Amino acid sequence: MDRSMVQEIVEKQVLTVAKAVEEKLDDELHALERLDLDDLEVLRERRLKQMKKMAEKRSRWISLGHGEYSEIPTEKEFFSVVKASDRVVCHFYRDNWPCKVMDKHLSMLAKQHIETRFVKIHAEKSPYLAEKLRIVVLPTLALVKNAKVEDYVVGFDELGHTDEFSTEELEERLAKAEVIIFEGESSKLKYKAPSKSVRQSANPDSSDSE
């Protein structure tokens, strides 16, 4: 097949695609032209209702402590927090460098993802929770949806085995577990979370164990 034939085929394909795009645009323009004032009013009312509903949600989230990264002082309060909010990221920590690194990233994400409650609890002062949730490696993030721990981020194993991971990498991991709402491309990646609590093992390379 000579170059002229190849060029002709390519040109035909380009024209076909261009025609399809043009037809789609024409259909959309015709649909807009068919909208009368009543239709536009219906669309406006629908949009206003959506905005009002979102504003009410944001107001409720803020009243529950969303938008800030805060500490839970007692184990009892942990249960109150996870029952009040649909999505919770709980950092089990101790006073060490890896946990301080995690604090920095969670503090930023709490402000960016107001739909999720971000909290931390001292693991050594929470023996019942640590045993029940099998918290061994610190830091560990318990990812809670609808009052149930659905998944864990254990140490830095899934974050490149380093404390130099980016906030975006952690954000992507949380999005995969669907504990935050993330419109970025990475949130479309499929991730299958464990169906029950995972028995964790210590990894001294990335974090401390209790």
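Our structure's up above, just so we're on the same page.
Draft legend 1. Spatial organisation of the sheet that holds strand S6 (residues 148-154). Read across the open sheet, the 5 strands follow the order S1-S3-S2-S5-S6; overall the sheet is mixed. In this open sheet, the two strands that pair with only one neighbour each are strand S1 (69-71) and S6. When strand polarity is set aside, the average angle formed by the axes of neighbouring strands in this sheet is 25 degrees. Relative to S6, strand S5 (residues 140-145) runs antiparallel, the two sharing 6 bridges. Within S6, the residue paired with Leu143 across the bridge is Asp151. Sheet strands in contact with helix H4 (residues 97-112) are S1, strand S2 (87-93), strand S3 (117-122) and S5, and its direction is about 160 degrees off that of S2.

Draft legend 2. Fine view of the packing of H4 against helix H6 (residues 167-176). At a closest axis distance of 10 Å, the pairing of H4 and H6 adopts a crossing angle of 65 degrees. The orientation of H4 with respect to H6, classified from their angle, is roughly perpendicular. The handedness of the crossing between H4 and H6 is right-handed. For the pair H4 and H6, contact is made by Met102, His105, Leu106, Met108, Leu109 and Gln112 and by Thr167, Leu170, Glu171 and Leu174, respectively. Tallied by class, residues from the contact of H4 with H6 come to 6 nonpolar, 3 polar and 1 charged.

Draft legend 3. Seen up close, the environment of Ile135. Following the sequence through the fold, Ile135 ends up in the loop between helix H5 (127-132) and strand S4 (137-138). A sequence separation of 17 residues divides Ile135 from Tyr152, and the C-alpha atoms of the two residues are 9.5 Å apart.

Draft legend 4. Geometry of the packing of aromatic side chains. This structure, assessed with the given rule, holds 3 aromatic pairs. Ring centres of Phe78 and Phe79 lie 5.5 Å apart, and the angle between their planes is 85 degrees; this geometry places the pair in the edge-to-face category. Using a relative accessible area of 31% as the deciding quantity, one classes Phe79 as partly exposed. Ring pairing ties together the aromatic residues Phe78, Phe79 and Phe92, which thus form one cluster.

Reading the values: rules and limits
- Residues numbered from 1 in each chain as written.
- Predicted model: local features only at pLDDT ≥ 70, side-chain atom pairs only at ≥ 80, totals over all residues.
- Heavy atoms only, no water.
- Pairing = 2+ DSSP bridges.
- Helix = DSSP H or I, 4+ residues; strand = E, 2+ residues; numbered from the N terminus.
- Axes fitted to C-alpha atoms, helices over the stretch in contact; angles between N-to-C directions.
- Contact = heavy atoms within 4.5 Å.
- Parallel < 35°, antiparallel > 145°, perpendicular 65-115°, else oblique.
- Left-handed = near helix turned anticlockwise from the far one by under 90°.
- Nonpolar A, V, L, I, M, F, W, Y, C, P; charged D, E, K, R; others polar.
- Phe/Tyr/Trp six-rings, centres within 6.5 Å; stacked < 30°, edge-to-face > 60°.
- Buried < 20%, exposed > 50% of the residue type's maximum accessible area, 1.4 Å probe, protein only.

By themselves these figures say nothing about function.
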